[in-house]
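# Observations on chain architecture
Below, each chain spelled out in residue letters.
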Amino acid sequence: MRKYLFALFSVVMLIGCQSGEEDTEDTSTESDAATGESMEQTASSNEETTEETTTEESIEESTEENTSTEASGNTEEASSEETTETETSSDQSSDAEQVNVLATRCIISNLGNCEGIPLDAQKAEYERLLDEGVLGKREVTDTFVENVMGSHMTMHNQDKGPSIAEGQYPPSDITITAKYFEMELEDYYNGESEAALEYLVEETSLYGATVANKESGKFSDYKLYSAKAVESEDGEPIRGQIEKVYSHASSDGIERERVSYKLGGRRGSAEPGEIHLGEIESRELVETNIEYEPDIKEEYGPVSDASPHARECVIKFNIECDLDSVEEVKDAYDQYVANGTLPEATEAESYPAKIDASREEINYQMNRIEPVSAKSYNNHFKHYAYDLMQYYNGESEEVLHYLQPDSEAYESIVANNEGGDYENYENHLVSVDDRVFSETSEPPQEMILERVYSHATSDGERRNRALYQFELDEVSGIQIISYDELSDAPDEGTTEENAETSPEETTEEKASTEPPDHAEEAPTEKPTASASFREQADTKSEPDQVNVHATRCIISNLNDHCENVPLDDQKAAYQHLLDEGVFGKRDITVTFPENVMGSHMYMHNQNPEGPTDADHQPLSSADITARYFAMELEDYYNGENEAALEYLKADSPIYESTVENKQSGNYKDYKLYNVEVTDISPIEGMRAVQIERIYSHASSNGIERARTIYTRNQDGNSGPIERIQLETVESEELLEENMDYSEETAESYGPPNTASAHARECVLKFYNECEVDSIEEVRDAYDQYIENGTLPEATEANSYPSRIDKSRRNLGYTRRIVGGDSNRSYDNYLKNYAYDLMQYYNGESDDVLHYLQPDSEAYESIVANNESGDYRNHENHLVRVDRNNLSIHEMGPQEVLLERAYSHATSDGKRRSNVLYQLELDDASGIQIVSFEELSNVSFEE
C-alpha cells in the first residue's frame, strides 16, 4: 500500500504542477501579444529551421550476386551452398539486413541519445520497430516526439505498465518539443510535409508566422545542419532554448541562431500533457556566412533476430516485463551489444545490471507518468529467479552476483546447492510483489517474490512466497542480504488472481497478439536520393546543399572519385545535373554508365538534339560494366528494379543464373559493402574483368568477401550500336566469410553552383568547343566549383583555361568519347586568351600575359600595344578558332588560326582579323604564345 499511496500522491502532485504551469504559461500569452506581433515580422526575415538528412543517407546500399550460382558450370556447387542457409521463419526475413544501430539507439533511448542522427533516419528506425512489433503506437499522439515517448509508456507486447488514461499524452518538455519542431521545419518549408505545425498551437503568433514564412517563399531550400539545447554553465539544458545552424534561400549563407520558445498552452483539457509551442520569447543571430560541416552519425550492424517481446523487454527494462524465457531477453541484450546498438556494460555483473547500465549510458529518458525508479527491480528479481534455477541445475553461477558476499542469503543459497536436494529445478511461475518496496526509504529495501517451483525432492510443484531484503548496487543492480520465507505449500493450481502471469497463458496471449496497423500513423517514407531530385525538379531546382563528392564522381565521367560513393548518391547527382539542364541524356543509352558517358559526349546546351554520331554508344569498358553490374544487383535481388539485367547479354549464362538467383529467394536482404576491380586481361579471345566484392545476403555466412571473374566478347556486340555487356562468370572464389567490416561512404557537402547551366557545362566539358555569351560566367562557375569542393584547386596553374584543365586532370577526368581529341581544348584556350586580351587593353586585368612566352615576339608586341593606349575601349564582337593547322601529336610550336571581330578607341568601327598564332604547350598556362602573324584585317559588318 505504501507504494500505491505514494504513487497516487505523486500523480496528483504532477497533475497539479502541470496545471499550475499551464495557468502560468497561459496568463503570459496575452501580455506577450505585442511581442508575438513583432515576432511575426522578425520571423519573416530570420526564420525557423529544420534538419536535413544528408545521408541519405544514408549509406546507400550497393549490390552483388551470390558467388555460387552465377556461373553456369557451378549449379551443383550453388545448390550445396544454398542448403547451408540458416533456416529462419518468414517473419524474420529481414534479419540479414544491416541497420543504422545509432538510429536504433536513438529510439530505444526514448530520444535521449539522438545527437547527429538525421530526423529521417530516426523516423525510419521508429517505423521499423513498429512494423516488427517491438513497439506499439498510442492513437492519441500526433508528433514524432509524442509517438516515440508514447510507445515507451507501456509494454506493447503485453499491454501492461502504468495505468494510463486513454487521452493521456506522454510527459515531454518544451526543450525537446522545440528541438524537434526545428528539425521538422525543413520538410515544411520545402513543401515535403506539414508535420511541423503539429508542434504548434493554432491561432498563436508562432503558428501564424511559420505559415507566413512558408508562403513568402523566402525560406525555400531550407536546410538545418544542427539543433541543440542551449546549456547553462553547469551543463544543464536551459528550458526552451535552442541553438540552430541553418541556411535557406534568403539567409546570409549558413547562419547560427539562438531561439527561446514559450509554451502556447495545451490543446484542450481533454488531452492532458500535450505540450505545444506558441511564441518565440527571444532570438539572437549569433553568426552569419559561416563554414559548417554537419556531424552526421551512422553506424551499421545486423538486425536483432530476437523476438519483439524480448527486445521490448530490453528497451523498456524499467517496466515490469512478463516473459516466457529470461534467456531470450538475455540473448536480445547480447545482440544489441554485439551490433553496437547498446554500449557494453563492462563493470556490471548480472544481466539486469548490464541492461540497466547500458541503458543509462545511452542516456535513456524515462519520461514516465508515475514516479518509479529507472531500474525495475521487478525484472531484477525475475532474472534472479531464473539464475537461481540455473545455479541449482549446475548450468551457471550467475545467481551469486545477486547475493551479498558472506551474507545470510549467500551462505543459504550455496548450502542448498551443495546439498544436491535442489537438482532438476524448474520455475513454473515467477511473480514479484513490489508493494513493500519504496525507493525513497532507507536501505535495505524489501521485495516479495512469489514462485511456483519443483525440484528433485519437492514432491511435486510448490508455491512459495519469500520476503527479500536487499540493497541497491551499481555492479549487480541488487545485492540480496537475506530472505524470509512467508509461505511454502503444495501448489493447487493457478488462481484467478494470478492467472494473467501463468506462462501458458502468457505464451498464448503473445502468440495471438498481432502488431497494430500503423498504416495511417506511419511517417511518410523519404524517397531515395535519386527520386527526390526528380520529384522536386519543378519546385526545388537548387537544393541548398549538394553532395559534392557525388558530383565530382559524375563530372569525372565515373573515374577515380566514384570510390565509396553509393550508387544512389551517384544517380542522384547525375539526375540533378540533368534536371538543372547542365547535362542532356542520349536516347540511345540504357545503363547508368552509358547514360553518364553519353552525356559527356557533346555540348547539350549548344546541341540539344545530340551528337552527330547518333548511332554510336559512348566508349565504356568491361571494368566499368562489371563494377556497376555488381552495384546494381542489390536493388535487383531486393525487388527494387531490374536495371542489373541491362548489363548482361540476353540469354547468356550469367543472365540466366542471375534471374535464377533472384527467383530462389536466397539472395534477398542483399547488401554490397564494397566492390573493386582488381585485374583486367584477355582470356582466349574474351575480355576478362576480375572484381572483389564484400557483401551479405539472406543465405550468406555473415559478411563475405569473394573474387569473381566476368568475361565479355572482345569484339563487343555486332551492329553499329556498341554496347558492352557481360556474358559469363569465368570463375568465383569465396575468400572470407563471417567477417567484420566497417563500410566507408564518401560524401561531403557544399552549396550548389548558381552559375548558368551552360557555363557549368563549359567547365565540366572543357575539351569540347564551348560557345558562351560570357567567359566571365564560365570563370565564375569554375570558382564556385572550387569553393564548394567539387573541383580540386589548381595551385600551380595561372590562366583560367589552365586552371580548369588542371583541376579536371587532378580529378582524374576520363573522356571516353568517340573520336580523338586532347583533354585540353585549345579552342577554349584561345577564346579565353581573346577575352583576357580585351581585359588587358581596357586596364582590367594582366591575366593575358600568362598566355605569352616571356621575352617572346608576341609578349613584346602585346605589351607595346597596351602601352600605346590606342587599344582602349576594346571589345570583342566575335571570336572563332580554326584548328585545321593544329596537330597536338607533333613536336615543336603548334599553329592555330584565331578569327576575331573587334573594336577599340582607334579602330574606326568594327573590324575582322584573321591571325595565325604559333604556340607551345605549357603546364602552368596551358599554352605559351610565341608569335602571331596577321593574315587579314578588314571592316566588319554583322
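That block above? That's the structure.
The following refers to the structure shown. (Residues numbered from 1 in each chain as written. Predicted model: local features only at pLDDT ≥ 70, side-chain atom pairs only at ≥ 80, totals over all residues. Heavy atoms only, no water.)

### Overview of unusual backbone geometry
Here is the rule: Under the DSSP-based scheme used, a helix requires at least four consecutive residues in state H or I and a strand at least two consecutive residues in state E, with every element numbered from the N terminus. Burial classes: relative accessible area under 20% of the type maximum marks a residue as buried, over 50% as exposed, and values in between as partly exposed (1.4 Å probe, protein chains only).
Of note, Asn738 is a non-glycine position whose phi angle comes to about 50°, a positive value. Tracing the chain through its elements places Asn738 in the loop between strand S15 (728–736) and strand S16 (749–750). Owing to a relative accessible area of 57%, Asn738 belongs among the exposed residues under this scheme. Not every positive phi belongs to a glycine, and Asp908 is a case in point at roughly 55°.

### A look at the environment of Val314
Where we set the bar: Any two residues whose heavy atoms approach within 4.5 Å at even a single point are treated as in contact.
Its location among the elements puts Val314 in helix H9 (residues 308–315). Using a relative accessible area of 1% as the deciding quantity, one classes Val314 as buried. As a C-alpha pair, Val314 and Lys330 span 16 residues in sequence and 8.3 Å in three-dimensional space. For Val314, the contacting residues outside a window of four places in its chain are Val329, Ala332, Tyr333, Tyr336, Leu342, Ile355 and Arg359.

### Focus: the sheet that holds strand S10 (residues 477–490)
Rule in force here: By definition, two strands form a pair when at least two bridges between them are found by DSSP. Helix axes are fitted only over the stretch in contact, all axes being lines through C-alpha atoms; the angle between N-to-C directions runs from 0 to 180 degrees.
Pairing is antiparallel in the open sheet, where four strands are placed in the order S7-S8-S9-S10. Every interior strand has two partners, whereas the edge strands, strand S7 (426–433) and S10, have only one. For this sheet, the mean inter-axis angle between neighbouring strands, taken without regard to orientation, is 25°. Inspection of the sheet shows S7 paired to strand S8 (residues 445–454) by seven bridges, in the antiparallel sense. Counted as the bridge partner of Asn427 is Tyr453 from S8. Each of S7, S8, strand S9 (462–473) and S10 is contacted by helix H12 (residues 377–392), which is oriented at about 160° to S7, the strand it contacts most.

### Observations regarding helix H17 (residues 567–579)
Under the convention used in this document: Expected span, for any helix, means 1.5 Å times one less than how many residues it has.
In a regular helix each residue adds 1.5 Å, so 13 residues correspond to 18 Å; H17 covers 18 Å between its end C-alpha atoms and thus fits that length. Of all 13 residues making up H17, 12 are buried, and the element is well covered by its neighbours. Restricting attention to buried positions, one finds in H17 the residues Leu567, Asp568, Asp569, Gln570, Lys571, Ala572, Ala573, Tyr574, Gln575, His576, Leu577 and Leu578. Remark: Gly581 follows H17 within two positions and exhibits a positive phi of approximately 85°.

### Observations concerning helix H18 (residues 592–599)
By the criterion of burial, H18 is predominantly enclosed, with eight of the eight residues buried. Buried within H18 we find Phe592, Pro593, Glu594, Asn595, Val596, Met597, Gly598 and Ser599. Buried residues belonging to H18 abut helix H16 (548–555), H17 and helix H19 (622–637).

### Notes on the packing of aromatic side chains
Operational definition: A pair of aromatic rings is counted whenever rings of Phe, Tyr or Trp (Trp by its six-membered ring) have centres within 6.5 Å, and the orientation is called stacked for planes under 30 degrees apart, edge-to-face for over 60 and tilted otherwise. A ring is considered to have a charge above it if a Lys NZ or an Arg CZ atom is located within 6 Å of its centre and within 35 degrees of its normal.
On inspection of all chains with the given rule, the structure shows 35 aromatic pairs. Both rings, one in Tyr782 and one in Tyr800, keep their centres 6.1 Å apart while their planes meet at 80°; by these two values the pair is edge-to-face. Of this pair, Tyr782 sits in helix H22 (residues 775–787) while Tyr800 sits in helix H23 (residues 800–810), placing them 18 residues apart in sequence. The exposure class assigned to Tyr800 is buried, which follows from its relative accessible area of 13%. Grouping aromatic residues by their ring pairs yields a cluster made of Phe381, Tyr384, Tyr402, Tyr468, Phe470 and Tyr483. Above the face of the Tyr351 ring, Lys354 is positioned so that its terminal group lies 4.5 Å from the ring centre. Over the face of the ring belonging to Tyr800 we find Arg803, whose NZ or CZ atom lies 4.4 Å from the ring centre.

### Details of the state of the cysteines
To keep things clear, this is the line we draw: Sulfur atoms of two cysteines make up a disulfide when they are within 2.5 Å.
According to the stated counting rule, one finds two disulfides in the structure shown. Here Cys106 engages in a disulfide with Cys114; their sulfurs sit 2.0 Å apart. Residues Cys106 and Cys114 share a disulfide whose torsion about the S-S bond is about 90°; that sign makes it right-handed. Like Cys106, the residue Cys114 is buried in the burial classification. Shown here is the disulfide that connects Cys553 with Cys562, its sulfur atoms set 2.0 Å apart. Linking Cys553 and Cys562, the disulfide has an S-S dihedral of approximately 95° and is accordingly described as right-handed. This pair shows no difference in class: Cys553 is buried, exactly as Cys562 is.

### Points about the pattern of salt bridges
Rules: Just to be clear on terms, a salt bridge is a Lys or Arg side-chain nitrogen sitting within 4 Å of an Asp or Glu carboxyl oxygen.
The tally for this structure, following the rule as stated, stands at 31 salt bridges. Among the salt bridges present, the one from Lys244 reaches Glu257, with a minimum N-O distance of 3.6 Å. Placement of the pair is Lys244 in strand S3 (residues 237–247) and Glu257 in strand S4 (residues 254–263), with a sequence separation of 13 residues. By relative accessible area, Lys244 is classed as buried at 0%. Close ionic contact of Glu736 with Arg705 constitutes a salt bridge, the shortest N to O distance being 3.4 Å. Note that Glu736 is positioned in strand S15 and Arg705 in strand S14 (residues 704–713), a separation of 31 residues in sequence. The exposure class assigned to Glu736 is partly exposed, which follows from its relative accessible area of 34%. With relative accessibility at 23%, the residue Arg705 sits in the partly exposed group. Within this structure, Glu692, Arg705, Arg707, Glu733 and Glu736 form a network of salt bridges that share partners.

### Structural notes on the sheet that holds strand S5 (residues 277–290)
Spatially, S2-S3-S4-S5 is the arrangement adopted by the four strands of the open sheet, whose pairing is antiparallel. The open sheet is flanked by strand S2 (223–231) and S5, the only strands paired with a single partner. Across the sheet, the axes of successive neighbouring strands diverge by a mean angle of 20°, strand direction being ignored. Taken together, the seven bridges between S2 and S3 define a ladder with antiparallel strand orientation. Note that in S3 the partner of Lys228 across the bridge is Glu243. Strands S2, S3, S4 and S5 of the sheet are contacted by helix H7 (residues 174–189), whose axis makes an angle of about 15° with S3.

### A closer look at the nonpolar core
Quick note on the threshold: Residues grouped as a nonpolar core are buried Ala, Val, Leu, Ile, Met, Phe, Trp, Tyr and Cys residues, joined through side-chain atoms within 4.5 Å.
Formed by 86 residues in total, the largest nonpolar core has its most connected members in Ile554, Tyr628, Leu830 and Tyr833. Here this core gets 10 residues from one element, more than from any other, and that element is H19. For Ile554, the residues in contact, after removing those within four places along its chain, are Gln570, Ala573, Tyr574, Leu577, Phe583, Phe592, Val596 and His600. Of all hydrophobic cores here, the second largest spans 66 residues; its members include Cys106, Phe181, Tyr246 and Ala345.

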